[in-house]
Amino acid sequence: MKFSGISKSLLLLSFSIFALADSASNRAANRTWITDVTIISPEKLDHIEQGSVLIENGRIVRVERRTGAKKPDGATVVSGKGQFLIPGLIDSHVHLAFPPGMSDAQLESKSDAMKTMIKEYFQQLPRSYLYYGYTTLVDLAVVAPQPLEDFRHAPVHPDLYDCGQSIPFANGYPMSFMPPATRFKLFPNFIYDPKQAPSIPSEFKPEDHTPAADVARVKNSGGICVKTYFEHGFGKDQHLPAMSPDDLTVIRRATTQDGLVLMMHANSFEAQKFGVEGNVDVLAHGMWHWGDLDSKTELPVEIKTLLDQIAAKKIGYQPTIQVLYGELAYFDPEYLKMKAIPKVVPGKMLDWFNSPEGKWFKKELEEDDTPDAVMIEAFEKGPLRRVRQVVAYLASKDADFLFGTDTPSSPTYGNLPGLNGYLEMRQLQKAGLSLAQIFRAATISNARKLKIDSQVGTIETGKVANLVLLNKSPLESVDAYDSIATVWIRGQPVSRDNLAVH
């Protein structure tokens, strides 16, 4: 078909008009004006006012801290009157690859019912974190990459960062939990120990498993952090091999050179002292083991001195108190009756948790059929008391708390996605953190320490539009974190009801 010059011009003009109209339509569809809302952003806790926030194409493009701001043309209006807008929450310590409460044998079951149950759990997993407002997660140890990739491709999901493969010491924690025949395949980024050469498969060469080589692998995999461990063990096995100060020095140097964040598993006085002396960035647990000082009822001077150093150096501190309650869940007959659990765990899995097969882990935790009440009392008077004393002292020093849950910390059904974060917040308040400290830990402190604060952590122009609309203020009650109305993930709103298990 031929066109005259005029016809061609008219045709081009009509295409342009349609294109502009389509562009304007798309822009309007991608513009949201949240108005008349109380804006609570952690960098401005002394400047909390009603205002409005404009989201466009997944980003915050305008923040008005005043009432009466003019509605942008074509924007969808969301009234936040009487409500509170906060940045999306960050859990900087999760493990997404394995479902909670299951042994290796159960995970490998060929039963169709078990396979269906696991599939339904993973489909719900991203939504369960969003149900409690967690729009950013950090997986600290990539053992199985595929579940993380599936998570990132779910229809709706939190932003996910990771530390790549963690760096354990050969045959140390947590490799020691795995059979010798498979542990090096599951944890191939280990530190080679020449003294243990006979027990290390010959395919792994010493030069490929130096601390520097391990850090380089994390960097090349896209990790934002390095996760390593200092742990001599607990329970029946308390003599695990562990890295030397020289090993940590090399890891520290390589991590700094690669611009990564150094995080260390350390839940004892000995381990946290080791981490502080090695200048780690984050201690990825509370201190519930005091070693020879366990029997002390007051916080010992030696521990106070170490905690003063942690606060002064601004080392990130993750109390992870729910790790202990994750084990206690098996001795609490009310835990699985919580009304929140059916919101975050599919029905088939909850039914299985309540079955004798689903309670297998309890036998791993108790000794000689110890009564439940005795087990709970032992936890309360021992590790829980100790970790609360440590956390209270650090809170009084305004230490650099980072919010992380270690979900799930072990094969327990007591650490469930999303819900575990809310329960951890309640425990932090009980231990002595103020509501402002909890709020900062789960937003700006996590973002800054992990070097993702250019994207998330506050309500500011240019940030990713990961936001949570609450019916209560998180600065007035910890229950506010269970009063979510809407979650925005990269600018897309999802009502809380639509995130629950259906």
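Structure: see above.
Residues numbered from 1 in each chain as written. Predicted model: local features only at pLDDT ≥ 70, side-chain atom pairs only at ≥ 80, totals over all residues. Heavy atoms only, no water.

Attention shifts here to the state of the cysteines. Scanning the entire structure with this criterion turns up one disulfide. Sulfur-sulfur distance for the disulfide between C163 and C225 comes to 1.9 Å. Taking the torsion about the S-S bond as the criterion, the C163 to C225 disulfide, at about -95°, is left-handed. With C163 in the loop between β8 (159-162) and α5 (183-186) and C225 in strand β9 (residues 225-229), this residue pair connects regions lying 62 residues apart in the sequence. Of the residues examined, C225 reaches a relative accessible area of 0% and is grouped as buried. (Disulfide = S-S within 2.5 Å. Helix = DSSP H or I, 4+ residues; strand = E, 2+ residues; numbered from the N terminus. Buried < 20%, exposed > 50% of the residue type's maximum accessible area, 1.4 Å probe, protein only.)

What follows covers the packing of aromatic side chains. In total, this model carries 18 aromatic pairs according to the counting rule given. Ring centres of Y121 and F122 lie 5.4 Å apart, and the angle between their planes is 70°; this geometry places the pair in the edge-to-face category. By relative accessible area, Y121 is classed as buried at 4%. Note on W352 and F353: the rings are 6.0 Å apart at their centroids and 55° apart in plane angle, and the pair reads as tilted. No difference in accessibility class separates W352 from F353, as the two residues are buried. (Phe/Tyr/Trp six-rings, centres within 6.5 Å; stacked < 30°, edge-to-face > 60°.)

A few words on the packing of helix α15 (residues 419-431) against helix α16 (residues 435-449). Packing of α15 against α16 leaves a shortest axis separation of 9 Å and a crossing angle of 140°. With respect to α16, the element α15 is oriented oblique. Note on packing geometry: the crossing formed by α15 with α16 is right-handed. For the pair α15 and α16, contact is made by M425, L428 and Q429 and by L435, I438 and A442, respectively. Of the residues assigned to the contact of α15 with α16, the class counts are five nonpolar, one polar and no charged. (Axes fitted to C-alpha atoms, helices over the stretch in contact; angles between N-to-C directions. Parallel < 35°, antiparallel > 145°, perpendicular 65-115°, else oblique. Left-handed = near helix turned anticlockwise from the far one by under 90°. Contact = heavy atoms within 4.5 Å. Nonpolar A, V, L, I, M, F, W, Y, C, P; charged D, E, K, R; others polar.)

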